Amino acid sequence: MPGLTIGDTIPDLEADSTHGRLKLHDYIGDSWIIIFSHPGWYSSDFTPVCTTELGKMAAYAKEFDKRGVKLVGLSCDDMKSHKEWIKDIEAYTSGCKVTYPILADPNREIIKQLNMVDPDEKDSSGKPLPSRALHIVGPDKKVKLSFLYPASTGRNMDEVVRVLESLQKAAKHKVATPANWKPGDPVVISPSVSNEQAKEMFPQGYETADLPSKKDYLRFTKV
């Protein structure tokens, strides 16, 4: 679907939220941010999968906070509905508080700007419905990663944390994360880094995979 994608600057939108009026770029500041929408049948709050997801986002808030990441939810209902829905979210996810803001988008304008529109689904009046989308945005206000799920599939928060940590390591060091990588596993050194540079950049050392090609491009290290 065309629209906001990886590498694009996220719009500096302004909207009402459960924390008051929010200007997105000001809210991001120098932090990373995760902004996520929920589909909701007929666009409403009080939907089953999304109630579990927003609760899990609240449960993982400390994990995101210690990585310097802010959260923003987005739903197409109004503020009164959001505030009532939060009571259910917190009751279902026992011991957790929804401390992040949830934006209101009753006119479906924000979901269009953020490329979070479901390409097929419409409500009873023909208005577009949001998809189950999530953007991870860096301090430079650019989209680093996007997830798009169908309404029937809830997001896995461990995967959100995993890819976030991968993005942050790649931004800080000249590395990438291999298939099935988990936090704490070795990372691969970027091919743009020579072996001499790698010795300086990674004094802890690195291991090079012995491949039939005898090319030394697959180098692993810990950061």
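Further up the page is the structure itself.
The notes below deal with the structure included here. (Residues numbered from 1 in each chain as written. Predicted model: local features only at pLDDT ≥ 70, side-chain atom pairs only at ≥ 80, totals over all residues. Heavy atoms only, no water.)

1. A short note on the nonpolar core
Within the largest apolar cluster, 28 residues are counted, with the highest numbers of intra-cluster contacts made by Ile34, Phe36, Met57, Phe64, Tyr100, Leu134 and Ile136. Those elements that provide at least two residues to this core are β3 (32-37), α2 (48-59), β4 (69-75), α4 (79-92), β8 (132-137), β9 (143-149) and α6 (157-172). Excluding anything up to four places from it in sequence, Met57 contacts Ile34, Phe36, Phe64, Leu71, Tyr100, Leu134 and Met157. The next biggest cluster of nonpolar side chains, apart from the first, holds 21 residues, and it includes Leu22, Leu74, Ile111 and Val117. (Core = buried A, V, L, I, M, F, W, Y, C linked by side-chain atoms within 4.5 Å. Buried < 20%, exposed > 50% of the residue type's maximum accessible area, 1.4 Å probe, protein only. Helix = DSSP H or I, 4+ residues; strand = E, 2+ residues; numbered from the N terminus. Contact = heavy atoms within 4.5 Å.)

2. Focus on the packing of aromatic side chains
With the rule as written, the count across this model stands at two aromatic pairs. Consider the rings of Phe36 and Tyr100, whose centres lie 5.6 Å apart with planes at 70°: the pair is edge-to-face. Placement of Phe36 in strand β3 and of Tyr100 in the loop between α4 and β5 (102-104) is noted, with a sequence separation of 64 residues between them. Among the residues examined, Phe36 registers a relative accessible area of 2% and is labelled buried. When the ring of Phe147 is compared with that of Tyr149, the centres are 5.8 Å apart and the planes differ by 90°; the resulting orientation is edge-to-face. In this structure Phe147 comes out as buried when scored by relative accessible area, which is 16%. One cation-aromatic arrangement involves Lys70 over Tyr27; the distance from NZ or CZ to the ring centre is 5.1 Å. (Phe/Tyr/Trp six-rings, centres within 6.5 Å; stacked < 30°, edge-to-face > 60°. Lys NZ or Arg CZ within 6 Å of the ring centre and 35° of its normal.)

3. Points about the side chain of Asp105
Among the structural elements, Asp105 can be located in the loop between β5 and α5 (109-113). For the buried Asp105, no salt bridge exists, and the shortest N-O distance to an oppositely charged side chain is 6.6 Å, to Arg108. Only 2.9 Å separates the side chain of Asp105 from the backbone nitrogen of Glu109, close enough to count as a polar contact. Setting aside its immediate chain neighbours within four residues, Asp105 contacts Leu74, Ser75, Cys76, Asp77, Ile110 and Ile111. (Lys, Arg positive; Asp, Glu negative; His and termini not counted. Salt bridge = Lys/Arg side-chain N within 4 Å of Asp/Glu carboxyl O. Polar contact = N/O pair within 3.5 Å; in protein donor to acceptor, adjacent residues only side chain to side chain.)

4. A few points about α6
Within an α-helix, residues lying three or four positions from one another point in the same direction, as the helix has 3.6 residues per turn. For α6, which comprises 16 residues, the first-to-last C-alpha distance of 23 Å matches the rise-based estimate of 22 Å (1.5 Å per residue) to within 8%. For α6, the full list of buried residues reads Met157, Val160, Val161, Val163, Leu164, Glu165, Ser166, Leu167, Gln168 and Lys169. Among the residues of α6, the N-terminal cap falls to Asn156, whose side-chain oxygen and the backbone nitrogen of Asp158 are separated by 2.9 Å. (Expected span 1.5 Å × (residues − 1).)

5. Describing unusual backbone geometry
Positioned with a positive phi, Arg108 is a non-glycine residue whose angle comes to about 60°. Note on placement: Arg108 falls in the loop between β5 and α5. In this structure, Asn115 takes a positive phi of about 55° despite not being glycine. By relative accessible area, Asn115 is classed as buried at 14%.

6. Some points on the pattern of salt bridges
Following the criterion strictly, the structure yields 16 salt bridges and no others. Of the charged contacts in the structure, one is a salt bridge between Glu63 and Arg67, with a shortest N-O distance of 2.8 Å. Across the salt bridge formed by Lys97 and Glu90, the nearest N and O atoms sit 3.7 Å from each other. Owing to a relative accessible area of 21%, Glu90 belongs among the partly exposed residues under this scheme. A network of salt bridges, in which partner residues are shared, links Glu63, Lys66, Arg67 and Glu165.

7. Here we look at the sheet that holds strand β13 (residues 219-221)
Read across the sheet, four strands follow the order β10-β11-β13-β12 without closing on themselves; strand pairing throughout is antiparallel. One side of each edge strand has no neighbouring strand; the edge strands of this open sheet are β10 (175-176) and β12 (207-208). Relative to β13, strand β11 (residues 187-189) is paired through two bridges, and the arrangement is antiparallel. Across the sheet, residue Val187 finds its bridge partner in β13, namely Thr221. (Pairing = 2+ DSSP bridges.)

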